[in-house]
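Take a look at the letters that make up each chain.
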Amino acid sequence: MDPIRILFISIEGNTRNFVEHLTHYALAQHIKNKGLPEIEATEISEQTDFTDETKPFFCFVPTYLDGGNGIDNGVKELMTNVMAEYIDYHDNAKQLIGVVGSGNKNFNEQYCLTARRYCQKFDAPFIDDYELRGVPADETRIYKKLVERVQFLNL
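First things first, this report covers the structure right here in the doc. (Residues numbered from 1 in each chain as written. Predicted model: local features only at pLDDT ≥ 70, side-chain atom pairs only at ≥ 80, totals over all residues. Heavy atoms only, no water.)

What follows covers the environment of Lys121. Note on placement: Lys121 falls in helix H3 (residues 113-122). In sequence terms Lys121 and Ala84 are 37 residues apart; their C-alpha atoms lie 9.2 Å from each other. (Helix = DSSP H or I, 4+ residues; strand = E, 2+ residues; numbered from the N terminus.)

This is the structure in structure tokens:
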């Protein structure tokens, strides 16, 4: 099985930390069972050169908004716009097979709002979410869901 591809953006390091832990978890699972995929992760940032994605990928994105309640005000996305621009680039959105969101549950309706918006904008399923840096149970659960999605799509 090919590695699961993840594109992610990390502003304060939480998403990067989670993806690194998820990648280590996937490697451990692959060592135990060669039929389970490893993870290949790429961080997208303002310095990233846009390229044409030719293989399916998942997007991991945190939520940073400009305040408000996340419903009728305060819904302007901050700092993660380059990820949406990257997915919008040429036909990259056609390779997006799912979105994982993160954020702070203290922000109620704004929690994972960016991920939900990506799902709508790019017609991709919402796979799961985790709070801040996540915990080991999140790694296990999300890895399982990524594998299930890849298997469902027969990739």
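Moving on, we get to the nonpolar core. Of all hydrophobic cores here, the largest spans 19 residues; its most connected members are Ile4, Ile6, Leu22, Phe58, Phe60, Ile142 and Leu146. Secondary structure elements with two or more residues in this core: strand S1 (4-8), helix H1 (14-32), strand S3 (57-62), strand S4 (96-103), strand S5 (126-131) and helix H4 (136-152). In terms of residue count, the dominant contributor to this core is H4 (five residues). Judged by nonpolar contacts, the second largest core, of 18 residues, contains Ile9, Val61, Val99 and Ala124. (Core = buried A, V, L, I, M, F, W, Y, C linked by side-chain atoms within 4.5 Å. Buried < 20%, exposed > 50% of the residue type's maximum accessible area, 1.4 Å probe, protein only.)

Moving on, we come to the packing of aromatic side chains. Geometrically, a pair of aromatic rings is defined through the distance of the ring centres and the angle of the planes. Applying the stated rule across the entire model yields six aromatic pairs. Taking the centre distance of 5.2 Å and the plane angle of 80° together, the rings of Phe50 and Tyr86 count as edge-to-face. A residue pair is termed long-range when its members are at least 10 positions apart, and Phe50 in the loop between strand S2 (39-43) and S3 and Tyr86 in helix H2 (residues 81-88) qualify at 36 residues. Here Phe50 falls in the partly exposed class, since its relative accessible area comes to 27%. By relative accessible area, Tyr86 is classed as buried at 2%. Ring geometry for Phe50 and Tyr89: centres 5.5 Å apart, planes at 75°, overall edge-to-face. In this pair, Phe50 sits in the loop between S2 and S3 while Tyr89 sits in the loop between H2 and S4, placing the two residues 39 residues apart along the sequence. Look at Tyr89 and you get partly exposed, because its relative accessible area is 26%. (Phe/Tyr/Trp six-rings, centres within 6.5 Å; stacked < 30°, edge-to-face > 60°.)

Our focus in this paragraph is the pairing of S1. Counted residue by residue, S1 has five buried out of five residues, so it is predominantly covered. Along S1, one buried face is formed by Ile4, Ile6 and Phe8 and the opposite face, lined by Arg5 and Leu7, is buried too. Examined bridge by bridge, S1 and S2 share five bridges and lie parallel to one another. In the sheet register, Ile4 faces S2, and the bridge partner there is Ile39. Following the backbone out of S1, through H1 and into the adjacent parallel S2, one traces a crossover that is right-handed. When S1 meets S3, the two strands line up parallel, connected through three bridges. For Leu7, the partnering residue across the bridge sits in S3 and is Cys59. (Pairing = 2+ DSSP bridges. Right-handed = clockwise from strand over helix to strand, strands pointing away.)

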